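Here are the chains, one letter per residue:
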Amino acid sequence: MYYLETGSQNPYYNLAFEEFILQERTDGDYLLLWQNDNTIVVGQNQNTEEEINRAFVEEHQINVVRRMTGGGAVYHDLGNLNYSFITGVEDAERLTMERFTKPIVAALQGLGLQAEASGRNDILVDGRKVSGTAQRLVKNRILYHGTLLFDSNPSMVEGALQVDPAKFRSKSAKSVRSRIGNIRAALQKDMTLPEFWAYLKNALADEILPAALTAEELAAVEALKQSKYDTWEWNFGRSPKYDRVNKAWFDGGGLEVRMAVEKGRISGVVFYGDFLAVSPLEGLTAALKDCPFRRDAVAEVLDRFSLPALFGGIRKNEILNTIFY
């Protein structure tokens with residue numbers, strides 16, 4: 001397995017680096033370990049302004065960036081370590097998260113921790129969330145990445161995020177702070193984050209092959225950072241006024257639909273949520289434009305797409321029920 005580090009704690013650069021590897025290094029298996037400093041990372045399909053505590057973000061000068069994978073917003077500081085697996089996949093329809101969570105869980109168990117995979121995309125230690133994961137499929141390559149809360153500041157995690165209380169409706173923990181944990185606090189024998197980093201790198205692969213990007217590739221990463229991840233359009237985006245708005249929560253995640261309807265036809269639609277998409281929604285939203293605003297007509301459009309790729313565990317009827325409330 002090829003091993004890469006970004007050499008940066010800048011979230012805009014790091015996400016550009018990760019996307020570049022996914023898009024351009026099309027052969028081989030890659031492991032990336034990296035950190036963002038003082039950052040909120042929102043999911044690909046989330047409404048950024050509704051996920052962040054704006055006053056807190058400005059007071060603490062927190063970076064805000066959108067990633068290219070689904071799922072919910074997370075806070076990163078230098079007590080958190082991020083990992084990325086990038087590899088080929090032959091049958092995307094049969095791909096399960098267990099393929100990637102299993103080595104992470106095993107590595108944590110190797111430290112004597114009571115670690116387990118849980119729910120849609122969480123890894124728990126002693127019943128507390130220490131990792132959230134997400135994935136993205138591009139052609140026959142997959143990016144699977146996640147956080148590892150090693151020694152993060154819980155007050156910053158809680159203060160930075162503006163979490164919908166409905167997210168906790170079926171969980172015993174009723175706040176971000178009570179639900180998350182730190183790996184370091186659960187260790188029987190203390191270790192520093194650099195020691196944990198070194199341990200994890202070797203635990204996740206039988207053979208590590210150090211790799212590096214060429215000067216030309218690094219220039220391409222910087223160009224992608226500037227053209228995409230540095231921009232307000234990508235990180236926040238314009239949220240037009242729609243005359244139909246509805247939000248619902250399902251086992252597969254939260255879904256918000258904002259839709260404009262003119263003369264009985266859909267003139268614009270946006271889907272927001274923390275559902276675990278692996279593909280972008282632009283094709284679907286384009287196909288829905290000018291579609292008659294009828295349940296059967298919208299259902300026919302939905303049938304043209306792989307809904308698990310676009311909405312994770314949210315089902316067709318749940319999407320329709322949210323649109324036609």
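Residues numbered from 1 in each chain as written. Predicted model: local features only at pLDDT ≥ 70, side-chain atom pairs only at ≥ 80, totals over all residues. Heavy atoms only, no water.

Caption draft 1: Up close: the packing of aromatic side chains. Inspection of every chain in the model, using the stated rule, returns eleven aromatic pairs. Taken together, a centroid distance of 4.8 Å and an interplanar angle of 20° make the contact between Phe150 and Phe196 stacked. Remark: Phe196 occurs in helix H8 (residues 193-203) and Phe150 occurs in the loop between strand E10 (141-149) and helix H5 (154-160); sequence separation between them is 46 residues. With respect to burial, Phe150 and Phe196 carry one shared label: buried. (Phe/Tyr/Trp six-rings, centres within 6.5 Å; stacked < 30°, edge-to-face > 60°. Helix = DSSP H or I, 4+ residues; strand = E, 2+ residues; numbered from the N terminus. Buried < 20%, exposed > 50% of the residue type's maximum accessible area, 1.4 Å probe, protein only.)

Caption draft 2: Summary view of the sheet that holds E10. A sheet is described by the order of its strands in space; here eight strands give the open sequence E7-E8-E9-E10-E6-E2-E1-E11, paired in mixed fashion. One side of each edge strand has no neighbouring strand; the edge strands of this open sheet are strand E7 (115-118) and strand E11 (209-210). Relative to strand E2 (residues 30-34), helix H1 (residues 11-24) is tilted by about 180°, and along the sheet it contacts strand E1 (2-4), E2, strand E6 (80-88), strand E9 (128-138) and E10. The strands touched by helix H4 (residues 98-109) within the sheet are E6, E7, strand E8 (122-125), E9 and E10, with E6 carrying the most contacts at an inclination of about 140°. (Pairing = 2+ DSSP bridges. Contact = heavy atoms within 4.5 Å. Axes fitted to C-alpha atoms, helices over the stretch in contact; angles between N-to-C directions.)

Caption draft 3: Structural detail: the layout of surface pockets. Roughly 470 Å³ of volume is contained in the second largest pocket. Looking at the second largest pocket, it is lined by 23 residues, and the ones nearest its centre are Gln44, Asn45, Arg66, Val270 and Glu282. Looking at the lining of the second largest pocket, the elements with two or more residues in it are helix H10 (232-235), strand E14 (265-273) and helix H11 (282-288). Of the residues forming the lining of the second largest pocket, the biggest block, four residues, is contributed by E14. (1 Å grid on protein atoms, 1.4 Å probe; cavity = no way out; pocket = protein on both sides within 12 Å on 5 of 7 lines; lining within 4 Å. Points joined across faces, edges and corners; volume = space filled by probe spheres on them.)

Caption draft 4: Quick peek at the packing of H1 against helix H9 (residues 215-229). One way to put it is that H1 packs onto H9 with a least axis distance of 8 Å and a crossing angle of 120°. Judged by the angle between their axes, H1 and H9 are oblique. The two elements H1 and H9 cross, and the hand of that crossing is right-handed. Residues Tyr12, Tyr13, Leu15, Ala16, Phe17, Glu19 and Phe20 of H1 form the contact with H9, whose participating residues are Glu217, Leu218, Ala220, Val221, Glu222, Leu224, Lys225, Lys228 and Tyr229. Looking at the contact of H1 with H9 residue by residue, the classes come out as eleven nonpolar, no polar and five charged. (Parallel < 35°, antiparallel > 145°, perpendicular 65-115°, else oblique. Left-handed = near helix turned anticlockwise from the far one by under 90°. Nonpolar A, V, L, I, M, F, W, Y, C, P; charged D, E, K, R; others polar.)

Caption draft 5: The arrangement of unusual backbone geometry in detail. Phi at Lys139 takes a positive value of approximately 55°, unusual for a residue other than glycine. Its location among the elements puts Lys139 in the loop between E9 and E10. Here Asp290, not a glycine, exhibits a phi torsion of approximately 75°, which is positive. Turning to its location among the elements, Asp290 is positioned in the loop between H11 and helix H12 (295-302).

Caption draft 6: Quick peek at the confidence of the model for the protein. Within the protein, residue pLDDT values average 91, and 92% of them lie at 70 or more. Below a pLDDT of 50 lies the segment residues 168-175, which in the model reaches 14 contacts outside its immediate sequence neighbourhood of four places, other chains included. (pLDDT = per-residue confidence, 0-100.)

Caption draft 7: Up close: the nonpolar core. Leu108, Ile183 and Phe196 are the most contacted members of the largest nonpolar core, which has 33 residues in total. The set of elements that each furnish at least two residues to this core consists of E2, E6, H4, E8, E9, E10 and H8. For this core, the element with the highest residue contribution is H4, accounting for five residues. For Leu108, the contacting residues outside a window of four places in its chain are Leu113, Ala115, Ile123, Val125, Val130, Leu148, Ile183 and Phe196. Counting 27 residues, the second-largest nonpolar core is a separate cluster that includes Val298, Val301, Leu307 and Ile314. (Core = buried A, V, L, I, M, F, W, Y, C linked by side-chain atoms within 4.5 Å.)

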